[in-house]
Amino acid sequence: SLKSLGLRIQLGHAVGEICCNACPAYNDDFVIIDNNGIHEVGLNFCGCGTAQTRTNQLLRARLFPATVVDPKSAATFRVLKQYHLLSFESKASVFEFYQGLSRLTENIGIDPPKDRYATFLRVIRQWRILKLLKRSARGHFPDGVESTKEGDCAVLCPACPHPGKNLPEDWRNAPLAKEWLYALFVGIDANFRLKRKHVSNDYVDPGLSKGWAYFVEERAYKAHLESHKDSMQERSMCTSHSAVNLADTKKSKGLAATGVGTVDCARHNFKLPNAVGDLQKGEKYINMDYLFFSVMRHRDLKVLNVSYDIACQWSRNLWTRMRTL
C-alpha cells in the first residue's frame, strides 16, 4: 500500500510545509477511494491553533469525508464526479462500480482492500444532493439550504408557458382563437418496471431532498395515502382498462413500491416539479390525483390539455376527489 511505502499526506498546509503539531488520523488508519483504486494511506491533520476542522481540511484537499467525527475514510472529488456521470450513462449500480475499484486495486484476491462499500454508498448520496443544490444556486440564498421550497431544484421545460419568463405581459387577454399558444400539455402515466424492495425504513434511511426536485415531498405524500387507505378504488366502466380494475391485484409482497407514477410535459418530455411518486399497489387514483394536483399548484394557466391512457375513467369524479386532497 501507499502507507507501507512511507507516504504521508499532510493536510492544512501547502505542499512541502511541515506542520508543527501534526495529528494522525484516528488509529493512524485512513482509506481513500479514488478512480484508480482503494488506497490505505498515512494521513496527518493540522493541529495548529489556527487550523480548521478536520472535515474542512479534507474538503479543501478535495477529499469528501465519510463522517464528520474522526473520519477514517474519504472519497476523492474526481471518483465521485466519475461515478455520478457514469450512473446516468451506463446505469451501473454503486455496488458494481465499487467492485470494479476493488478489482482495480487487487485483482487476485489474496490481499483485498478494506471494505468501504457502505461508506461510498453514503458519500455518493450526499454528493448528489449537494450537486443538485449547487446547480440550483441554493448556496447564494441568505437563508441557506433550509429555505429551499418544493420543486425549486427542478429543471423547468424552457418551451412550456411560464408567466413572467417566456410569455407576453398581456397573455391573459389573448383572443379565444390564440389561447392555445399559451396552453400547457401534460401527460400522465405509470412505470411498473421501477420497483423498489422493502429493505429499510424512513427512520434509518431518510430522504435528503424533501421534495426539492421531481419527487413529491415524502411525508405529506405518505400522510395523504395513510388517510385514504380505506377508500375503495373506483371500478372502470371500460372493459379494456385493466390499469384501473387490476390496481389492487398488483403483486406487492416484499416491495416498498411496485412502480412510480409521473406527470410529464407531453410536448417536450420534461419531468415537471413534484410530479413523480411511488406507487404502493398499482395505479390507484389516490396516488395519481395527488401527483397531478401537486404539479398544478405550481402553475398559472388558462388552458390545460391532459393526456392519460385512462383519462375517460380517471376524469369522471376528479373534482369530487379533489375536494378530499
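Quantities reported herein were computed from a predicted structural model and do not represent experimental measurements.

Here is what the cut-offs are and how they apply
- Residues numbered from 1 in each chain as written.
- Predicted model: local features only at pLDDT ≥ 70, side-chain atom pairs only at ≥ 80, totals over all residues.
- Heavy atoms only, no water.
- Helix = DSSP H or I, 4+ residues; strand = E, 2+ residues; numbered from the N terminus.
- Buried < 20%, exposed > 50% of the residue type's maximum accessible area, 1.4 Å probe, protein only.
- Lys, Arg positive; Asp, Glu negative; His and termini not counted.
- Salt bridge = Lys/Arg side-chain N within 4 Å of Asp/Glu carboxyl O.
- Contact = heavy atoms within 4.5 Å.
- Axes fitted to C-alpha atoms, helices over the stretch in contact; angles between N-to-C directions.
- Parallel < 35°, antiparallel > 145°, perpendicular 65-115°, else oblique.
- Left-handed = near helix turned anticlockwise from the far one by under 90°.
- Nonpolar A, V, L, I, M, F, W, Y, C, P; charged D, E, K, R; others polar.
- Pairing = 2+ DSSP bridges.
- Phe/Tyr/Trp six-rings, centres within 6.5 Å; stacked < 30°, edge-to-face > 60°.
- Lys NZ or Arg CZ within 6 Å of the ring centre and 35° of its normal.

Draft legend 1. Region of the structure containing the side chain of E106. Its place among the elements puts E106 in the loop between α3 (94-105) and α4 (117-135). Although E106 is buried, it makes no salt bridge; R103 carries the closest opposite charge, 6.9 Å away. The contact partners of E106, leaving out residues within four places of it in the chain, are D111, P112 and P113.

Draft legend 2. Examining the packing of α3 against α4 more closely. Closest axis-to-axis distance for the α3/α4 pair is 10 Å, and the angle between their directions is 125 degrees. As judged from the angle between their axes, α3 and α4 are oblique. Regarding α3 and α4, the two cross each other, and that crossing is right-handed. Residue-level inspection shows V94, F95, F97 and Y98 of α3 in contact with α4, the latter providing Y117, F120, L121 and I124. Class assignment of the residues belonging to the contact of α3 with α4 gives a composition of eight nonpolar, no polar and no charged.

Draft legend 3. Representation of the sheet that holds strand β7 (residues 184-191) in the model. A sheet is described by the order of its strands in space; here four strands give the open sequence β11-β10-β7-β12, paired in mixed fashion. Edge positions in the sheet fall to β11 (271-279) and β12 (304-308), since each of these pairs with one other strand and no more. Averaged over neighbouring strand pairs, the angle between their axes works out to 20 degrees when direction is ignored. Examined bridge by bridge, strand β10 (residues 259-265) and β11 share five bridges and lie antiparallel to one another. Residue pairing in the sheet places G259 in a bridge with L279 of β11. Set on the sheet, helix α7 (residues 285-296) makes contact with β7, β10, β11 and β12; between it and β11 the angle comes to about 165 degrees.

Draft legend 4. Focus on the packing of aromatic side chains. Enumeration over the complete set of coordinates arrives at 13 aromatic pairs. Look at F97 and F120: their rings are 5.9 Å apart centre to centre, the planes differ by 20 degrees, and that puts the pair in the stacked class. With F97 in helix α3 and F120 in helix α4, this residue pair connects regions lying 23 residues apart in the sequence. Geometrically, the ring pair formed by Y308 and W314 is edge-to-face, given 5.5 Å between the ring centres and 75 degrees between the ring planes. Summarising the burial analysis for this pair, Y308 and W314 share the class buried. Members of the aromatic cluster, connected to one another through ring pairs, are Y83, F95, F97, Y98, Y117 and F120. Positioned above the aromatic ring of F141, the side-chain terminus of R138 is 3.8 Å from the ring centre. In this structure, R321 packs its charged tip against the face of Y285, placed 4.5 Å from the ring centre.

Purely geometric stuff here, so don't read any function into it on its own.
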